[in-house]
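# Fold and geometry: a report
For reference, the chains in residue letters:
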Amino acid sequence: MHALKKNRPLRRIVLASAATVSGMVMLLSLKPHTSPALAVASGATAPAVTGTRTVTGDSVQTRWGPVQVRVTVKNGKLTDVTAVVYPTDNPRDQEINSYALPRLRTEALQAQSAEIDTVSGATYTSDGYRQSLQSALDSAGS
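Okay, so let's go over this structure. (Residues numbered from 1 in each chain as written. Predicted model: local features only at pLDDT ≥ 70, side-chain atom pairs only at ≥ 80, totals over all residues. Heavy atoms only, no water.)

As a further point, take the nonpolar core. Across soluble globular proteins, nonpolar side chains have a tendency to be buried as a group. The biggest cluster of nonpolar side chains holds 22 residues, and the ones touching the most others in it are Val 71, Leu 78, Val 81, Tyr 129 and Leu 133. Put simply, the parts of the chain that give this core at least two residues each are β3 (65–74), β4 (77–85), α3 (91–111) and α4 (123–140). The contacts of Val 81, once residues within four sequence positions are left out, are Val 69, Arg 70, Val 71, Arg 105, Ala 108, Leu 109, Tyr 129 and Leu 133. (Core = buried A, V, L, I, M, F, W, Y, C linked by side-chain atoms within 4.5 Å. Buried < 20%, exposed > 50% of the residue type's maximum accessible area, 1.4 Å probe, protein only. Helix = DSSP H or I, 4+ residues; strand = E, 2+ residues; numbered from the N terminus. Contact = heavy atoms within 4.5 Å.)

So this is what it looks like as structure tokens:
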């Protein structure tokens, strides 16, 4: 008869506990992936980008129309973000974008990256904005 099939519940409890503890230790010992932006923030050196560059990101097709942004990067710092294409086909699009685009711009300038929050009520525009912003930042080399 197999050792675990005997009527010894304490042995099963000890083995299950040991397996759980081992699994938790292995899970907690995993190192999270560090993105390049975090590596720069944590002290790693990145190539110095000098001068001013203005780059237009990819046009991103959303459910309600294309979204495209233009960024200005000066000495490696994001100094301006402008939405150059966004949905304006109807009054509802115009209403949503009148409050969403300024918020997205402010967040991008504060974050200095495309890691920005979605504006409530403007999910599709926010997603397109973020994708176009990331492509512009990639092209600008920041």
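Our focus in this paragraph is the layout of surface pockets. By volume, the second largest pocket amounts to about 170 Å³. Ranked by the residues each element gives to the lining of the second largest pocket, the list is headed by α3, at four residues. Looking at the lining of the second largest pocket, its residues break down into five nonpolar, four polar and two charged. (1 Å grid on protein atoms, 1.4 Å probe; cavity = no way out; pocket = protein on both sides within 12 Å on 5 of 7 lines; lining within 4 Å. Points joined across faces, edges and corners; volume = space filled by probe spheres on them. Nonpolar A, V, L, I, M, F, W, Y, C, P; charged D, E, K, R; others polar.)

Among the ten residues that make up β3, seven are buried, leaving the element largely enclosed by the rest of the structure. Strand direction decides the pairing type here: strand β1 (residues 52–56) and β3, joined by five bridges, are antiparallel. In the strand pairing of β3, Arg 53 is matched with Val 73. Pairing of strand β2 (residues 60–62) with β3 involves three bridges; the strand directions are antiparallel. (Pairing = 2+ DSSP bridges.)

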